[in-house]
Structure formats: structure tokens, C-alpha cells
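Now for the letters of each chain:
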Amino acid sequence: MKLLVQRAKNASVTVEGKVIGAIEHGQMVLVGIEKADTEADLQRLADKLLKYRMFSDEDGKMNLNVKQAEGGVLLVSQFTLAAETKKGLRPGFSTAAIPTEAERLFNIFVEMVRKQHDNVETGQFGADMQVSLINDGPVTFMLD
């Protein structure tokens, strides 16, 4: 499982011209599910995501997590994060989870995050989504 986490001033997901998820500030998270991922992996990354200190404190240091910063979390499934890119000029997806399993695990991950944090929004699994954000910093981390 890979999480591409961006500190956002705001972020939203649009499907067919309708905004289906949005946050004012917080974490915009692209979620890539791989074949070997387990529910234990999901829980470990849900915990890490919410505890990850990527927001500035009063001294300008990254000492606050999303809860402490009173931010939202926007979770967006992102199949292409599971791409193999080391060889050649075309991505391979043999390590990506099959769509039905990826959707099941993504939904479990969303629920795990929602159990620990009140302000959680999502995209729509498998949809053609347009994702907008203003990356604050810019600050971006890959968690896996």
C-alpha cells in the first residue's frame, strides 16, 4: 500500500461535474492498493497517516498531525500509485491489487480512518475523477 500525502490548503474531487468530496485544509491522500496488502497493513498506515506530523506549530516547525491541526482528510483511490516504473517507458501494474479486492481494501481503509478522525471525505473508487488542490508548502510525503 502506498499513500501519497499532500498538505493542502484546500482540496476537492469532482465526478461528472459534481463535487463529491472536499476539505478546507488538511491532507489530500492518494491511496494505491497492492496485491500483497493486508488489513494489518491498512491499520498501520491509517494510524501513521493520522499521527504523521506534517503541519506547522506556532514556531513554524512540522510538529502537528492532522488532528492537532484540526484538518480534514480527503482519501482518493489511485490505481497508478501501484505502477512499476523502474524498467522501460511504460508503467506495469502486475503488483496492483485486482479492482474488486482494491475496492474492498480501500473501503476498509476509509472506515479505519473515519473511526479515528471526524472530518474524512473520499473520491469515488474507479470513477474518472478530477482532483483539485492547493498544496501548502508544497509539502508531499510518500508513506508505505
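Reading the values: rules and limits
Residues numbered from 1 in each chain as written. Predicted model: local features only at pLDDT ≥ 70, side-chain atom pairs only at ≥ 80, totals over all residues. Heavy atoms only, no water. Core = buried A, V, L, I, M, F, W, Y, C linked by side-chain atoms within 4.5 Å. Buried < 20%, exposed > 50% of the residue type's maximum accessible area, 1.4 Å probe, protein only. Helix = DSSP H or I, 4+ residues; strand = E, 2+ residues; numbered from the N terminus. Contact = heavy atoms within 4.5 Å. Expected span 1.5 Å × (residues − 1). Arc of directions from axis to C-beta. Polar contact = N/O pair within 3.5 Å; in protein donor to acceptor, adjacent residues only side chain to side chain. Phe/Tyr/Trp six-rings, centres within 6.5 Å; stacked < 30°, edge-to-face > 60°.

Novice: Teacher, can you tell me more about the nonpolar core here?
Specialist: Note on soluble globular proteins: their nonpolar side chains tend to be buried together. One finds Leu 3, Val 31, Leu 49, Val 73, Leu 75, Phe 109 and Val 113 to be the most contacted residues of the largest nonpolar core, which totals 28 residues. Taken together, the elements giving at least two residues each to this core come down to strand S1 (2-15), strand S3 (26-32), helix H1 (39-51), strand S6 (72-77), helix H2 (99-116) and strand S8 (129-143). With seven residues, the top contributor of residues to this core is H2. With near-sequence residues (within four places) excluded, Val 73 lies in contact with Ile 23, Gln 27, Val 29, Leu 49, Leu 50, Val 66, Val 113, His 117, Asn 119, Val 120 and Glu 121. Grouped together as the second largest cluster of nonpolar side chains are eleven residues, Ala 11, Val 15, Leu 30 and Val 76 included.

Novice: Looking at this model, I keep getting lost on H2. Mind explaining?
Specialist: Three or four residues apart is the spacing at which side chains of an α-helix point the same way, because the helix has 3.6 residues per turn. When the terminal C-alpha atoms of H2 are compared, their 26 Å separation across 18 residues agrees well with the 26 Å that a helix rising 1.5 Å per residue should span. Burial in H2 covers these residues: Ala 102, Leu 105, Phe 106, Phe 109, Val 110, Met 112 and Val 113. Buried residues of H2 fall within an arc of 160° about the axis and therefore sit on the same side. Structural note: H2 exposes Thr 100 and Lys 115 on the side pointing more than 90 degrees away from its buried face. Those residues of H2 hidden inside the fold are in contact with S1, S3, H1, S6 and strand S7 (120-122).

Novice: Explain the environment of Glu 16 here, please?
Specialist: As for its placement among the helices and strands, Glu 16 is situated in the loop between S1 and strand S2 (18-23). Judged by relative accessible area, Glu 16 falls into the exposed class, the value being 78%. Note: C-alpha distance between Glu 16 and Met 129 (113 residues apart in sequence) is 7.9 Å.

Novice: Honestly, the side chain of His 117 in this entry has me stumped. Any pointers?
Specialist: Assignment of secondary structure puts His 117 in the loop between H2 and S7. Looking at His 117, its side chain comes within polar contact range of the main-chain oxygen of Gly 71, at 2.7 Å. With residues near it in sequence (within four places) discarded, His 117 still touches Leu 50, Val 66, Lys 67, Gly 71, Gly 72 and Val 73.

Novice: Before we go on, may I ask you to explain the packing of aromatic side chains in this structure?
Specialist: Any aromatic ring pair is given by two values, namely how distant the centres are and how the planes are angled relative to each other. Counting across every chain of the model gives three aromatic pairs. The interplanar angle of 25° and the centroid separation of 4.5 Å between the aromatic rings of Phe 79 and Phe 93 together place this pair among those described as stacked. With Phe 79 in the loop between S6 and H2 and Phe 93 in the loop between S6 and H2, this pair connects stretches of sequence that are 14 residues apart. A centroid spacing of 6.2 Å and a plane angle of 40° characterise the contact between Phe 106 and Phe 125, whose relative ring orientation is tilted. Of the two residues, Phe 106 sits in helix H2 while Phe 125 sits in the loop between S7 and S8, which places them 19 residues apart along the sequence.

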